[in-house]
Amino acid sequence: MSASDMHGAIVCATRGGEGSRVVKERAMALASERNAPLVFLFVIDAEGMADERPAAGGRALDDALRDELRWVGRVLLEMARGQAQRAGVASTLALREGAVRDEIIAYARSIEAGCLLLGAPRGTTANVFGDDAIERFAKDVTEQSGVTVEIVRPEQAG
């Protein structure tokens, strides 16, 4: 599908864990309510994991890490698609590589998304001052792309 076919889409930033399950459920419900396309987005950020990998290993280790992250991303996206299919919701998958923040903003802007859903990591709470990292990121997305962002928290599970 072209970017113009995705105009107004519900974009669900996907990762693993409980928070991801809840945000996917909300994304499917919102796509159904709005009769909008649904896109599950996963961003591979191998550079962001620089502090997590051993110092020795060089290029071969970097390539192996990227390959593994691509595989994990594809698996998580296919699982999301399967969950959507079981719920009767069609979805498209997007796998991007780069800095997570930059790629999410660029993708949302490129397709002129209708809404971006972000799952809040467990342990964050809605902060009246809006200064949790996820809330700051949501504000950045809206300012840089014009896309509305909804933060879905694990405790919102029904």
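Shown above is the structure to which this text applies.
The rules we used
- Residues numbered from 1 in each chain as written.
- Predicted model: local features only at pLDDT ≥ 70, side-chain atom pairs only at ≥ 80, totals over all residues.
- Heavy atoms only, no water.
- Helix = DSSP H or I, 4+ residues; strand = E, 2+ residues; numbered from the N terminus.
- Buried < 20%, exposed > 50% of the residue type's maximum accessible area, 1.4 Å probe, protein only.
- Contact = heavy atoms within 4.5 Å.
- Areas by Shrake-Rupley, 256 points an atom, 1.4 Å probe, with all protein chains shown as cover.
- Pairing = 2+ DSSP bridges.
- Axes fitted to C-alpha atoms, helices over the stretch in contact; angles between N-to-C directions.
- Salt bridge = Lys/Arg side-chain N within 4 Å of Asp/Glu carboxyl O.
- Parallel < 35°, antiparallel > 145°, perpendicular 65-115°, else oblique.
- Left-handed = near helix turned anticlockwise from the far one by under 90°.
- Nonpolar A, V, L, I, M, F, W, Y, C, P; charged D, E, K, R; others polar.

Once that is clear, we can look at the overall build of the chain. A count of helical and extended segments in the chain gives four helices and five strands. Helices (α) and strands (β) of the chain occur, in sequence order from the N terminus, as β-α-β-α-β-α-β-α-β. By the burial criterion, 41% of the 158 residues in the chain qualify as buried. Of the contacts made within the chain by residues no fewer than 6 positions apart, 72% connect residues no fewer than 24 positions apart. Per element, the accessible surface of the chain, about 8500 Å² overall, is 51% carbon and sulfur.

Strand order in this open sheet of five strands is β3-β2-β1-β4-β5, and the pairing throughout is parallel. Since the sheet does not close on itself, it has two edges, and those belong to β3 (92-97) and β5 (148-152), each with one partner. Taking the axes of each pair of neighbouring strands and ignoring which way they run, one obtains an average angle of 25 degrees across the sheet. Sheet topology places strand β1 (residues 10-13) next to strand β2 (residues 38-44); four bridges connect them, and they run parallel. From the neighbouring strand, Val 11 faces β2, where its bridge partner is Val 39.

Before going further, it helps to spend a moment on the pattern of salt bridges. Tallied over the full model, the rule gives ten salt bridges. The partner of Glu 78 in a salt bridge is Arg 81, and the shortest N-O contact between them spans 3.0 Å. Residue Glu 78 and its partner Arg 81 are both found in helix α2 (residues 58-86); the two are separated by three residues, about one turn of the helix. With a relative accessible area of 25%, Arg 81 lands in the partly exposed category. Residue Asp 140 is joined to Arg 101 by a salt bridge in which the shortest nitrogen-to-oxygen separation is 2.4 Å. Taken together, the residues span a long stretch of sequence, with Asp 140 in helix α4 (residues 133-145) and Arg 101 in helix α3 (residues 100-110) at a distance of 39 residues.

It is worth spelling out the packing of α3 against α4 at this point. Direction vectors running N to C along α3 and α4 enclose 40 degrees, while the axes themselves pass 9 Å from each other. Considered as vectors, α3 and α4 are oriented oblique to each other. The hand of the α3/α4 crossing is right-handed. Counting all contacts with α3, which are made through Arg 101, Ile 104, Ile 105, Ala 108 and Arg 109, the residues of α4 involved are Phe 137, Asp 140, Val 141, Gln 144 and Ser 145. In terms of residue class, the contact of α3 with α4 is made up of five nonpolar, two polar and three charged.

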